[in-house]
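# Structure at a glance
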Amino acid sequence: MTIERHLAAAMSRDQAEPLTLEQKEALQRAVAKVVRLGAQVGVSADQMIQLLESGLTVGELLEYLAARTGEVA
């Protein structure tokens with residue numbers, strides 16, 4: 001499963017139902033990968049959080065980071 005799918009699945013779940021251990025671990029790995037990608041392209045975790053809080057979707061954040069990889073390369 002891709003990072004975007006893990007994050008989307010976690011966000012679309014019934015929040016009253018707790019995550020399973022496997023889901024928590026997958027989500028932690030996905031978030032760590034996104035944070036690493038952000039660091040590689042000059043976007044901090046705090047900046048990514050601000051972007052998400054301002055209304056960017058997870059998919060849009062990933063597209064933004066992917067676009068920045070072309071700027072850095």
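Residues numbered from 1 in each chain as written. Predicted model: local features only at pLDDT ≥ 70, side-chain atom pairs only at ≥ 80, totals over all residues. Heavy atoms only, no water.

Here we take up the overall build of the protein. A tally of regular secondary structure across the protein gives 4 helices and 0 strands. Reading the helices (α) and strands (β) of the protein from amino to carboxyl end gives α-α-α-α. The buried share of the protein, reckoned over its 73 residues, is 19%. Sequence separation of 24 or more characterises 53% of the internal contacts of the protein that already satisfy a separation of 6 or more. (Helix = DSSP H or I, 4+ residues; strand = E, 2+ residues; numbered from the N terminus. Buried < 20%, exposed > 50% of the residue type's maximum accessible area, 1.4 Å probe, protein only. Contact = heavy atoms within 4.5 Å.)

Residues of the protein with pLDDT of at least 70 account for 77%, and the chain-wide mean is 85. For the protein, helix α1 (residues 3–12) is the element with the lowest average pLDDT, namely 64, and helix α3 (residues 45–53) is the one with the highest, namely 94. (pLDDT = per-residue confidence, 0-100.)

This part covers the environment of T69. In this structure, T69 sits in helix α4 (residues 58–72). On the accessibility criterion, T69 (34% relative accessible area) is partly exposed. Counting along the chain gives 32 residues from T69 to L37, while the straight-line C-alpha distance between them is 8.6 Å. Dropping the residues within four chain positions of it, T69 is found in contact with L37 and V41.

Attention shifts here to the environment of A32. When you line up the elements, A32 lands in helix α2 (residues 21–40). Through-space distance from the C-alpha of A32 to that of A45 is 9.8 Å; in sequence the pair is 13 residues apart.

Core analysis: the largest hydrophobic core is formed by 8 residues, namely V34, V41, V43, M48, V58, L61, L62 and L65. When residues in this core are grouped by element, the largest group, 4 residues, is from α4. (Core = buried A, V, L, I, M, F, W, Y, C linked by side-chain atoms within 4.5 Å.)

Now for α2. The end-to-end C-alpha distance of α2, which contains 20 residues, comes to 29 Å, matching closely the 28 Å that a straight helix rising 1.5 Å per residue would cover. What α2 keeps buried is the set A26, A30, V34 and G38. Buried residues of α2 fall within an arc of 110° about the axis and therefore sit on the same side. Relative to its buried face, α2 has exposed residues pointing more than 90 degrees away, namely L21, Q28, A39 and Q40. After α2 finishes, the residue G42 shows a positive phi value of roughly 85°. (Expected span 1.5 Å × (residues − 1). Arc of directions from axis to C-beta.)

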